[in-house]
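# Observations on chain architecture
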Amino acid sequence: MFTRLILVLHIDPPPAKRRRGLAGSIVSTALSAALIGTAVGLTVYRLWRDRGKEPPRLEEHHQHHQQQPPPPPYQQGTWTPHQLPSSSSSSHPQITNPPTPASPTTP
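Below, the structure is looked at part by part. One numbering rule holds for all chains: residues counted from 1, following each sequence as written. With pLDDT at 70 or above as the cut-off, local features in this predicted model cover only qualifying residues; side-chain atom pairs require 80 or more to be listed or tallied, and sums for whole chains, interfaces and linings still use all residues. Note that water and hydrogens are dropped before the side-chain values are worked out from all heavy atoms of the structure.

### Considerations on the pattern of salt bridges
Think of a salt bridge as a Lys or Arg side-chain nitrogen and an Asp or Glu carboxyl oxygen that are within 4 Å of each other. Considering all chains together, one arrives at two salt bridges under this definition. When salt bridges with common partners are traced through the structure, they connect Arg49, Asp50 and Lys53 into a single cluster.

Below you can see the structure in the form of structure tokens.
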């Protein structure tokens, strides 16, 4: 007894890409122009609003930062780099970093 299985498969091709019509192009151009116009208008307004004002001086900016306390002094830790075992087949010398001297603490 023979059994046959016949599969008929019909795959629709993807729909063709629709070209943007005249109305879509006009709307897209209008939105781009509105966005760019808004950015330019906001920039011009800010420049107009701030006309005649002097920019903050560096000394005032520096004095503002001097009111903040300085960061804590650096403390040398006890971390040391991991030493890899040297290989006799390697012709490269092993490079090690010298220990960093402890920084003096500020009173």
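### A closer look at the packing of aromatic side chains
Note on aromatic pairs: the rings of Phe, Tyr and Trp (six-membered ring only in Trp) are paired at centre separations within 6.5 Å, and the planes decide the class, stacked below 30 degrees, edge-to-face beyond 60, tilted for the rest. Inspection of every chain in the model, using the stated rule, returns one aromatic pair. With a centroid separation of 6.2 Å and an interplanar angle of 35 degrees, the aromatic rings of Tyr45 and Trp48 are classed as tilted. Of the two residues, Tyr45 and Trp48 both sit in helix α1 (residues 22-49), three residues apart, roughly one turn of that helix. On the basis of relative accessible area, Tyr45 is assigned to the partly exposed category, the value being 42%. Going along the chain from the N terminus, every DSSP run of H or I of four or more residues is numbered as a helix, and every run of E of two or more is numbered as a strand. Three exposure classes are used, based on accessible area relative to the maximum for each residue type with a 1.4 Å probe and protein chains only: buried under 20%, partly exposed in between, and exposed over 50%.

### Observations regarding a nonpolar patch on the surface
Candidates for patches are residues over 30% relative accessible area with no salt bridge; among them, like charges are joined within 9 Å and nonpolar side chains (Val, Leu, Ile, Met, Phe, Trp, Tyr) within 5 Å. In these tables, accessible area is a Shrake-Rupley quantity obtained with a 1.4 Å probe, and a residue counts as shielded only by the protein chains included in the view. A cluster of nonpolar side chains, namely Ile36, Val40 and Val44, defines an oily patch on the protein surface of about 280 Å² accessible area. You can see Ile36 is positioned in helix α1.

The quantities given are spatial measurements derived from coordinates; they are silent on function.
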